[in-house]
Amino acid sequence: MPAQQRIKLVFHAIQWVLFAEYDPFQGSIDRCRALVYDFVRRSRDAETVRKQANFRNLAKAQLVKMQQLEKKRASLLIHALGGLVAGGFLVGWAVLAVIL
């Protein structure tokens, strides 16, 4: 990933962590979780083995999607924390340079 894109990602992540009133990923994760529960319930209540397998496959696909969203959210959080630490370090050095 080019440095300019990485810097944009870090700034976006910091904005999300510090200034967002809601988590944009949580709504999607909740919808995936509800679909997983629905597909598992339908699989349990299905009359044929084929329908059960189809609903299980749909549930597995939603689980994978939910895991990807959680990984993306964790990645943004890590980028934000790294950016905040680096920014704090740079500000600290700038303050020391001004004082000394």
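Scope of this entry: the structure provided in the associated data block.

The rules behind these values
- Residues numbered from 1 in each chain as written.
- Predicted model: local features only at pLDDT ≥ 70, side-chain atom pairs only at ≥ 80, totals over all residues.
- Heavy atoms only, no water.
- Core = buried A, V, L, I, M, F, W, Y, C linked by side-chain atoms within 4.5 Å.
- Buried < 20%, exposed > 50% of the residue type's maximum accessible area, 1.4 Å probe, protein only.
- Helix = DSSP H or I, 4+ residues; strand = E, 2+ residues; numbered from the N terminus.
- Contact = heavy atoms within 4.5 Å.
- Patch = residues over 30% accessible without salt bridge, like charges linked within 9 Å, V, L, I, M, F, W, Y side chains within 5 Å.
- Areas by Shrake-Rupley, 256 points an atom, 1.4 Å probe, with all protein chains shown as cover.
- Salt bridge = Lys/Arg side-chain N within 4 Å of Asp/Glu carboxyl O.
- Axes fitted to C-alpha atoms, helices over the stretch in contact; angles between N-to-C directions.
- Parallel < 35°, antiparallel > 145°, perpendicular 65-115°, else oblique.
- Left-handed = near helix turned anticlockwise from the far one by under 90°.
- Nonpolar A, V, L, I, M, F, W, Y, C, P; charged D, E, K, R; others polar.

### Some thoughts on the nonpolar core
Logical step 1: Listed in full, the 11 residues of the largest apolar core are V10, A13, I14, W16, F25, I29, C32, M66, L69, L76 and A80.
Logical step 2: Elements with a minimum of two residues in this core: α1 (3–19), α2 (24–45) and α3 (49–99).
Logical step 3: Aside from chain neighbours lying at most four places away, what touches F25 is W16, L69, K72, R73 and L76.

### A closer look at a nonpolar patch on the surface
Logical step 1: Taken together, F89, L90, V91, W93, V95, L96, I99 and L100 make up a surface patch of nonpolar side chains, about 930 Å² in accessible area.
Logical step 2: Topologically, V91 is positioned in helix α3.

### Structural notes on the packing of α2 against α3
Logical step 1: Taken N-terminus to C-terminus, the directions of α2 and α3 make an angle of 160°; their axes are 8 Å apart at the nearest point. For the element pair α2 / α3, the angle class is roughly antiparallel. The interaxial crossing formed by α2 with α3 has left-handed handedness.
Logical step 2: For the contact of α2 with α3, the class distribution of residues is 14 nonpolar, 5 polar and 8 charged.

### Points about the pattern of salt bridges
Logical step 1: Tallying each qualifying case throughout the model produces 4 salt bridges.
Logical step 2: Between D30 and R33 there is a salt bridge, and its shortest N-O distance comes to 3.4 Å. Note that D30 and R33 are positioned in helix α2 at a spacing of 3 residues, about one turn of the helix.
Logical step 3: Residue R33 is classed as partly exposed on the basis of its relative accessible area, which comes to 30%.
Logical step 4: Where D38 meets R42, a salt bridge forms, and the shortest distance between an N and an O atom there is 3.3 Å. Residue D38 and its partner R42 are both found in helix α2; the two are separated by 4 residues, about one turn of the helix.
Logical step 5: In this structure, a network of salt bridges that share partners links the residues D38, R41 and R42.

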